[in-house]
Amino acid sequence: METETGTGPDPRAFLLEQFADYLSLERGSSPNTLAAYRRDLAHLTDFLATRRVRGPTGVTATLLREFIFHLKDLGLEASSIRRHISASRTYFKFLTGEGHVIRDPSERLASPKRWRTLPAVLSITEMERLLAAPSADDPLARRDRAILEFAYATGARVTELTRVALRDVLFDDGLVRLFGKGNKERIVPVGRRALGAVALYAHEVRPRIERGKGQGILFLNARGGPMSRVGVWGIIKRCARVAGISKRVTPHTLRHTFATHLLEGGADLRAVQEMLGHADLSTTQVYTHVDRDYLRSVHKTYHPRA
């Protein structure tokens, strides 16, 4: 891969005039569209200059994702970011069509629409209220507490949680084996409090409800069979209502909360990627938006000149 270096973005190196001709003559774009694309690509080339990239052959998918993150950090509206993405895609489609670049780095560029669909993230205070919600009067309260603690401690997908077997919890090592998409195995640490809640349930509650139908699965329903996805949803929804949390809380909310709290605490993105079981780091990077929004809100709230 070629990376050109110099003192600043050179429109000739990025073939911006040829692209403008393509928009005007071949696509018949309006003057307003042409002007908007010029501005958006000027933002892109200025950003690339800060990364010492001086031409289109040095642009990677990772750099384009960083550019979109940069635009969001600047506070641009989602509609403006979508237009930047559209301009970039059109630009690289032109470059690949003309043979100026071999691969299109914009092919998998995510739209801000995806960011808005992220489930709500619970604050630490809300999470503590949720964990305390199972009623002591309920005979299955220890199971429900163990499920909540386990989900928050591991970031497990709901399907992964329902498949955890007793033998998968390595109590002495503080670890659990999870089996994710494609039955791919990963090892995830389990915190002391969650491990204690799981151990209490496993030793005192599970044997009473198992009735020979548990199939070795850790979390069981009241009839003694393996807990279903719907059953886990019901427990979390009920506990969120008891805790007085107005946000929509689902098993995936706990997964997002797990990742966000780790990042807010300074965790390495690749470590979080490994614990979540993401094959691609770019999937995990979406959580940095939540983290950056949190940092922005803290700055706005507490900085005297924000």
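Computed from a predicted model, the values in this text were never measured in an experiment.

Parameters at a glance
- Residues numbered from 1 in each chain as written.
- Predicted model: local features only at pLDDT ≥ 70, side-chain atom pairs only at ≥ 80, totals over all residues.
- Heavy atoms only, no water.
- Helix = DSSP H or I, 4+ residues; strand = E, 2+ residues; numbered from the N terminus.
- Buried < 20%, exposed > 50% of the residue type's maximum accessible area, 1.4 Å probe, protein only.
- Contact = heavy atoms within 4.5 Å.
- Polar contact = N/O pair within 3.5 Å; in protein donor to acceptor, adjacent residues only side chain to side chain.
- pLDDT = per-residue confidence, 0-100.
- Pairing = 2+ DSSP bridges.
- Axes fitted to C-alpha atoms, helices over the stretch in contact; angles between N-to-C directions.
- Salt bridge = Lys/Arg side-chain N within 4 Å of Asp/Glu carboxyl O.

J.: Got a sec to walk through the overall build of the protein chain? Specific residues and values, please.
T.: Across its full length, the protein chain carries 13 helices and 3 strands. Within the protein chain, the fraction of its 306 residues that count as buried is 47%. Summarising the internal contacts of the protein chain: among those between residues at least 6 apart in sequence, 61% fall at separations of at least 24.

J.: I'd love a proper account of the side chain of Asn221, names of residues and values included.
T.: When you line up the elements, Asn221 lands in the loop between α9 (192–209) and α10 (229–242). Within the local environment of Asn221, its side chain forms a polar contact with the backbone nitrogen of Arg223, the two atoms lying 2.9 Å apart. Every residue in contact with Asn221, bar those within four places of it in the chain, is listed here: Arg143, Ile209, Pro226 and Met227.

J.: Residues and numbers for the confidence of the model for the protein chain, please.
T.: Any residue range with low pLDDT should be treated as having predicted coordinates unsuitable for detailed reading. Per-residue pLDDT for the protein chain has a mean of 86; in total, 86% of the residues score no lower than 70. In the model of the protein chain, helix α5 (residues 112–116) stands out as the element of lowest mean pLDDT, 55, in contrast to helix α7 (residues 141–154), which has the highest, 97. A low-confidence stretch, residues 1–7 stays under pLDDT 50, and its non-local contacts, those more than four residues away or across chains, total 18 contacts.

J.: An account of the sheet that holds strand β3 (residues 185–189) is needed here, citing residue identities and associated values.
T.: Spatial strand order, β1-β2-β3: 3 strands in an open sheet with antiparallel pairing. Since the sheet does not close on itself, it has two edges, and those belong to β1 (169–170) and β3, each with one partner. By the bridge criterion, 2 bridges tie β1 to strand β2 (residues 175–179) in an arrangement that is antiparallel. Considered in β2, the bridge of Val169 is made with Val176. Lying on the sheet, α7 is in contact with β2 and β3; it crosses β2 at an angle near 80°.

J.: Requested: an account of the pattern of salt bridges, with residues and values cited.
T.: Where charged atoms from two side chains of opposite charge approach closely, those side chains can pair. Applying the stated criterion to the full structure yields 11 salt bridges. The shortest N-O distance in the salt bridge between Glu17 and Arg38 comes to 3.4 Å. Highlighted residues: Glu17 in helix α1 (residues 16–26) and Arg38 in helix α2 (residues 31–50), separated in sequence by 21 residues. Exposure remark for Glu17: the relative accessible area of 43% places this residue in the partly exposed category. Across the salt bridge formed by Arg142 and Glu204, the nearest N and O atoms sit 2.2 Å from each other. Of this pair, Arg142 sits in helix α7 while Glu204 sits in helix α9; the two residues are 62 residues apart in sequence, bridging distant segments of the chain. A residue is classified by how much of its surface remains accessible, and Arg142, at 40% relative accessible area, is partly exposed.

J.: Account for the pairing of β3, naming residues and giving values.
T.: By the alternation rule, side chains of β3 split into Arg186 and Val188, which are all buried, and Glu185, Ile187 and Pro189, of which none is buried. Direction of pairing for β2 relative to β3: antiparallel, over a ladder of 5 bridges. Bridging across to β3, Leu175 finds its partner in Pro189. As consecutive antiparallel partners, β2 and β3 are separated by 5 residues, and within that stretch Gly182 has a phi angle of approximately 70°, a positive value.

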